[in-house]
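One letter stands for each residue in the lines below.
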Amino acid sequence: MYNQHGAMVAVKSRLVIFDSEGVIKMPDRLGVTINKFIMGEQLSIPHATGDFSGLLNELVVATKVIAREVNKAGLVDVLGKTGNTNIQGEEVKKLDEYANTAIIQKMDHTGYLCAMASEEEDGIIEIEDKHPQGGSYTLAFDPLDGSSNIDANVSIGTIFSIHRKISSAPKGTLADFLQRGSEQVGAGYVIYGSSTMLVYAAGQGGVHGFTLDPSIGEFLLSHPFIKIPERGKIYSVNEGNSHKWDDRIKGMVDYFKTDDKQTGRPYSSRYIGTLVSDFHRNLLYGGVFMYPGDADNPNGKLRLLYEAAPLAFICERAGGGSIADYEDILDIEPTTLHQRVPLYIGSKGDVDICRKFLKGEM
Ligand code: AHG
Ligand code: MN
Ligand code: MN
């Protein structure tokens, strides 16, 4: 239940107690597992069936399986390429394929999903007849984000987006995926880095981060109620593409690099090349990530359904902003499964500056 401070309070001592600043007063020393927290959020939603909680909990297990493989990457044969290319025309790394299979095989028989969509699969992934049918949700995911960083032991991630099934067809259809980001019922990501961390938001709830304790194999609540600073001091963009940008984008990036102490500039440049990691750092510290459209790729590189929209959901729930060109990411009506969008996402004040440059107002 949420009391007048907006904090979750104990119900039958099964939940976590937050004070009005969101500080946890844990009834038990171990810490709050993500399963307990998900149950807590479910209890605060009238008429919840538990399917969404079940879906999330199964997905959490799939990410633990991926984390185990990522952490072994340098030791066993999961580095390197498969020799295949995906619909994006990108070479598929072994860990891309492993993560993709891990999620599909973990989720396809749960009965919670009507279909899935993955960066690594051309079309939607149907739930085979041998598995329970009639799931109420769709799951779109980027199984392994930042693939180019895998072999260099740089942090990588998984991104997921959950929508409610809206079509009347017995099985999930493309229409169930082509929904606006604002219609998501939940979204989140995992970072496989110096520690493995899962961040998610569901319904109208806040953004919460959980850190994996490998000694017990549990994600424990470590970052409740994440809020992104209104303005940051970090800009993240691949400046190697600057020769292909139009003048609006060049002006925008130059703005963040200009020395002007009164407005806290220049910002620091930070770019990991793994969207999840660049986003997560800016979520905690403040700042803006930009992947503009350019002369070669007018819609940029990042995919709407399983990269931009889920992170935009998280960012907005944390008090930040996210736009494509002029419109909010969450308002875009998707037209294809793997469509790309330009992405400017992070602190509200910084994204507003991007929006002004894109409109030619700065
Ligand atoms: P993925 O590995 O899922 O294809 O995603 C890679 C994306 C994203 O993680 C990152 O922000 C971006 O590619 C980096 O692109 P550049 O190397 O062109 O900067
Ligand atoms: Mn990606
Ligand atoms: Mn990927």
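Above this note sits the structure.
Residues numbered from 1 in each chain as written. Chains lettered and ligands numbered in written order. Predicted model: local features only at pLDDT ≥ 70, side-chain atom pairs only at ≥ 80, totals over all residues. Heavy atoms only, no water.

**Some points on the coordination of the manganese ion (ligand 3)**
Looking at the manganese ion (ligand 3), the protein donor atoms are Glu119 (OE), Asp142 (OD) and Leu144 (O), and they sit 2.1 to 2.3 Å from it. One chain supplies every donor for the manganese ion (ligand 3), spaced along it as E-x22-D-x1-L. If you look at the manganese ion (ligand 3) and the manganese ion (ligand 2), they sit 3.7 Å from each other and are both ligated by aspartate 142. (Donors = N, O, S within 2.8 Å, 3.2 Å for Na, K, Ca; no water.)

**A few points about the sheet that holds strand β14 (residues 268–269)**
Pairing in this open sheet of five strands is mixed, and the strands run β14-β13-β15-β17-β16 from one edge to the other. Of all the strands in the sheet, just β14 and β16 (321–323) have a single pairing partner and so form its edges. Across four bridges, strand β15 (residues 288–291) lies against strand β17 (residues 343–346) in antiparallel orientation. The partner of valine 288 across the bridge, within β17, is glycine 346. The strands that helix α8 (residues 348–358) touches are β15, β16 and β17; relative to β16, the one it contacts most, it runs at about 25°. (Pairing = 2+ DSSP bridges. Helix = DSSP H or I, 4+ residues; strand = E, 2+ residues; numbered from the N terminus. Contact = heavy atoms within 4.5 Å. Axes fitted to C-alpha atoms, helices over the stretch in contact; angles between N-to-C directions.)

**With respect to the coordination of the manganese ion (ligand 2)**
Distances from the manganese ion (ligand 2) to its protein donors, Asp142 (OD), Asp145 (OD) and Glu307 (OE), fall within 1.9 to 2.1 Å. Mapping the donors of the manganese ion (ligand 2) onto the primary sequence gives the spacing D-x2-D-x161-E.

**Some points on the pattern of salt bridges**
Considering all chains together, one arrives at 20 salt bridges under this definition. Note that glutamate 218 is salt-bridged to lysine 64, the shortest N-O span being 3.9 Å. Taken as a pair, glutamate 218 in strand β12 (residues 218–223) and lysine 64 in helix α2 (residues 51–72) lie far apart in primary sequence, 154 residues in all. Assessed through its relative accessible area of 24%, glutamate 218 is described here as partly exposed. Several salt bridges share partner residues, and in doing so they unite Arg68, Glu69 and Lys72 into one network. (Salt bridge = Lys/Arg side-chain N within 4 Å of Asp/Glu carboxyl O. Buried < 20%, exposed > 50% of the residue type's maximum accessible area, 1.4 Å probe, protein only.)

**Points about the site of ligand 1**
Near ligand 1, the surroundings consist of 18 residues, among which Asp145, Gly146, Ser147, Tyr271 and Tyr291 are the closest. For ligand 1, an oxygen atom lies 2.8 Å from a polar atom in the backbone of glycine 146. One of the side-chain nitrogen or oxygen atoms of asparagine 238 is found 3.0 Å away from an oxygen atom of ligand 1. Alone, ligand 1 offers 470 Å² of accessible surface; in the complex the protein occludes 87% of this. One can see that ligand 1 is located within the largest pocket. Counted by class, the shell around ligand 1 contains six nonpolar, five polar and seven charged residues. Taken domain by domain, the makeup of the shell around ligand 1 includes at least three residues from each of domain 2 (51–223) and domain 3 (234–358). (Near = heavy atom within 4 Å. Polar contact = N/O pair within 3.5 Å; in protein donor to acceptor, adjacent residues only side chain to side chain. Areas by Shrake-Rupley, 256 points an atom, 1.4 Å probe, with all protein chains shown as cover. 1 Å grid on protein atoms, 1.4 Å probe; cavity = no way out; pocket = protein on both sides within 12 Å on 5 of 7 lines; lining within 4 Å. Sits in = over half its atoms within 2 Å of the grid points. Nonpolar A, V, L, I, M, F, W, Y, C, P; charged D, E, K, R; others polar. Domains from an automatic or database assignment.)

**Quick notes on the sheet that holds strand β6 (residues 125–126)**
Read from one edge of the open sheet, eight strands run β6-β5-β7-β8-β9-β10-β11-β12, paired in mixed fashion. At either end of the open sheet lies a strand with only one pairing partner, and these are β6 and β12. One ladder, built from five bridges, connects strand β11 (residues 207–213) with β12; its direction is antiparallel. The partner of glycine 209 across the bridge, within β12, is histidine 223. Contacts between helix α6 (residues 275–285) and the sheet are confined to β7 (137–145), β8 (156–164), β9 (186–192), β10 (196–202) and β12, with β9 contributing the most and set at about 105° to the helix.

**With respect to the side chain of histidine 208**
With respect to the helices, strands and loops of the structure, histidine 208 is situated in strand β11. According to the relative accessible area criterion, histidine 208 is buried, its value standing at 0%. Here the side chain of histidine 208 touches phenylalanine 225 through a polar contact of 3.0 Å, landing on its backbone nitrogen. Those residues in contact with histidine 208, other than ones at most four positions away along the chain, are Phe37, Glu41, Leu198, Val199, Tyr200, Leu221, His223, Pro224, Phe225 and Ile226.

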